[in-house]
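Coordinate analysis (summary)
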Amino acid sequence: MNKEIADAFNCIIEFLAVRDLKEMSKDALHEVCGASKADVIIALGSDLPVVAETACRLYKAGYGDKLIFCGGIGHSTMNLKKKVAKIFNVELDQLPESEAEIYACLAKDKYQIESSSIFIDKTSTNTSENIKNAIQILKKHTIKHQQVILIQDPILQKRSYITALDIFKDSQKIINYAPIIPKLNLDGTLVNDIPYLWEGTRLYELALGEVYRLRDDENGYGPNGKRFLRHVDVPEEVNRSFEIIADKMPEYLARC
């Protein structure tokens, strides 16, 4: 990887890994949603423990009243399971099956969060189901949800937010908080010194795949394509970055 490719990836990642506030604080949260504490923190399933751990840290610091973990069993589940097994130094069969339940293990066993504050959806297998099932949980347990902090794999944060916009009511505020903002060195390694992130070329493939889906054309998920999402404006510099990588490193287009 060279500077041109690394810069192109960083441009794409900055577009995808959305945070509505640079760093979480009571004042910053109040500025974006009018409250210094959200009603609920929702963490969506992925193969990154940092998603659940960020949600847990925010809860412990008093930024949300309840936690919801969403995620059934999918293509990322075994990767998550292997990473969490290393964190706890246990065998794989000692962990539950779904991503939401594995997240809950981290919350209860590593962060000592009481079970009464944790709600799980262990059946959803895609982002839309994640959000819809989370709302059903909120309604079933009459949990207030005017202000919601949404946390997902940073590369999937943008699309998760766009999906949520069409499911939550306009009067409800969704606060994006990608758990980290990834950045690549010139050699393609991550600047971020955080364990159990993406393995191999997964980060590169995910990033390109997300731009491919967010583009509102015949191949994308928008109104001019599969119609899963509302229209998304993909900045020209992001499209240029995609084309640079696609031209020079087409092997990373595996998820397109």
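Above this text is the structure in question.
Attention in this report is confined to the structure presented alongside it.

Calculation notes
Residues numbered from 1 in each chain as written. Predicted model: local features only at pLDDT ≥ 70, side-chain atom pairs only at ≥ 80, totals over all residues. Heavy atoms only, no water. Helix = DSSP H or I, 4+ residues; strand = E, 2+ residues; numbered from the N terminus. Rg over C-alpha atoms; globule rule 2.2 N^0.38 Å. Buried < 20%, exposed > 50% of the residue type's maximum accessible area, 1.4 Å probe, protein only. Contact = heavy atoms within 4.5 Å. Areas by Shrake-Rupley, 256 points an atom, 1.4 Å probe, with all protein chains shown as cover. Lys, Arg positive; Asp, Glu negative; His and termini not counted. Charge placed at Lys NZ, Arg CZ, Asp CG, Glu CD. Polar contact = N/O pair within 3.5 Å; in protein donor to acceptor, adjacent residues only side chain to side chain. Pairing = 2+ DSSP bridges. Axes fitted to C-alpha atoms, helices over the stretch in contact; angles between N-to-C directions. Core = buried A, V, L, I, M, F, W, Y, C linked by side-chain atoms within 4.5 Å. Disulfide = S-S within 2.5 Å. Phe/Tyr/Trp six-rings, centres within 6.5 Å; stacked < 30°, edge-to-face > 60°. Right-handed = clockwise from strand over helix to strand, strands pointing away. Salt bridge = Lys/Arg side-chain N within 4 Å of Asp/Glu carboxyl O.

1. A few points about the overall build of the protein
On a plain count of helices and strands, the protein comes out with nine helices and five strands. Along its sequence from the N terminus, the protein presents helices and strands in the succession α-α-β-α-β-α-α-β-α-β-α-β-α-α. Relative to the 2.2 N^0.38 estimate, which gives 18 Å for 256 residues, the radius of gyration of the protein is 18 Å and therefore close to what a compact globule would have. Taken over 256 residues, the protein has a buried fraction of 55%. A sequence separation of at least 24 residues applies to 69% of the contacts in the protein between residues at least 6 apart. Total accessible area on the protein is roughly 11,800 Å²; 46% of this is exposed by carbon and sulfur atoms. Of the charged side chains in the protein, 33 are positive and 37 negative, and the gap between their average positions amounts to 5 Å.

2. A short note on the environment of Ser76
When you line up the elements, Ser76 lands in the loop between strand 2 (64–70) and helix 4 (77–88). The spacing of Ser76 and Cys56 is 20 residues in sequence and 20 Å in space, taken between C-alpha atoms. Aside from chain neighbours lying at most four places away, what touches Ser76 is Ser46, Asp47, Glu99 and Arg202.

3. As for the side chain of Asn192
With respect to the element layout, Asn192 can be found in the loop between strand 5 (173–176) and helix 8 (202–214). With a relative accessible area of 19%, Asn192 lands in the buried category. At 3.0 Å, the side chain of Asn192 and the backbone nitrogen of Lys183 are in polar contact. Residues contacting Asn192, with those up to four places away along its chain left out, are Ile180, Ile181, Pro182 and Lys183.

4. A few points about the sheet that holds strand 2
Taken together, the five strands give an open sheet; going across it, the order is 3-2-1-4-5, and neighbouring strands pair in parallel fashion. Of all the strands in the sheet, just strand 3 (118–121) and strand 5 have a single pairing partner and so form its edges. Taken over all neighbouring pairs, the strand axes of this sheet differ in orientation by 25° on average, direction set aside. Of the pairings in the sheet, the one linking strand 1 (residues 38–44) to strand 4 (residues 147–151) comprises four bridges and is parallel in character.

5. A look at the nonpolar core
In terms of nonpolar packing, the biggest core is built from 70 residues, with Phe9, Ile12, Phe69, Ile149 and Ile245 touching the most fellow members. When neighbours within four sequence positions are excluded, Ile245 is seen to be in contact with Ile5, Ala8, Phe9, Ile12, Leu208, Pro250 and Tyr252. In terms of nonpolar packing, the next biggest core, distinct from the first, is built from 17 residues, Val40, Leu44, Leu138 and Ile174 among them.

6. Regarding the state of the cysteines
Linking two cysteines covalently via their sulfur atoms produces the bond known as a disulfide. One pass over the full model with this rule turns up zero disulfides. With no disulfide of its own, Cys11 lies closest to Cys256 among cysteine sulfurs, the gap being 16 Å. Of the cysteine sulfurs around Cys56, a residue in no disulfide, the closest is that of Cys105, at 11 Å.

7. Remarks on the packing of aromatic side chains
For any pair of aromatic rings, the description consists of the separation of the ring centres together with the inter-plane angle of the planes. Inspection of the entire model under this criterion finds five aromatic pairs. Taking 5.0 Å as the distance between ring centres and 35° as the angle between the ring planes, the aromatic pair formed by Phe9 and Tyr204 counts as tilted. Here Phe9 is found in helix 1 (residues 3–16), whereas its partner Tyr204 is found in helix 8, with 195 residues between them in sequence. Accessibility classification places Phe9 together with Tyr204 in one group, the buried group.

8. Quick notes on the pairing of strand 5
Of the pairings in the sheet, the one linking strand 4 to strand 5 comprises four bridges and is parallel in character. Looking at the pairing, Ile149 lines up with Ile175 of strand 5. Assessed by its sense of winding, the connection that carries the chain from strand 4 through helix 7 (residues 157–165) to strand 5 is right-handed.

9. Quick look at the pattern of salt bridges
Counted by the stated rule, this structure contains twelve salt bridges. The partner of Lys81 in a salt bridge is Glu97, and the shortest N-O contact between them spans 3.1 Å. Of this pair, Lys81 sits in helix 4 while Glu97 is found in the loop between helix 4 and helix 5 (99–110), placing the two residues 16 residues apart along the sequence. Note on Lys81: relative accessible area 6%, which makes it buried. A salt bridge links Arg159 to Glu210, with the nearest nitrogen and oxygen atoms 2.8 Å apart. With Arg159 in helix 7 and Glu210 in helix 8, this pair connects stretches of sequence that are 51 residues apart. An identical accessibility class is assigned to Arg159 and Glu210; each is buried.

10. Overview of helix 7
Of all nine residues that make up helix 7, seven are buried, and the element is covered over most of its length. Along helix 7, the residues that are buried comprise Gln157, Lys158, Arg159, Ser160, Ile162, Thr163 and Ala164.

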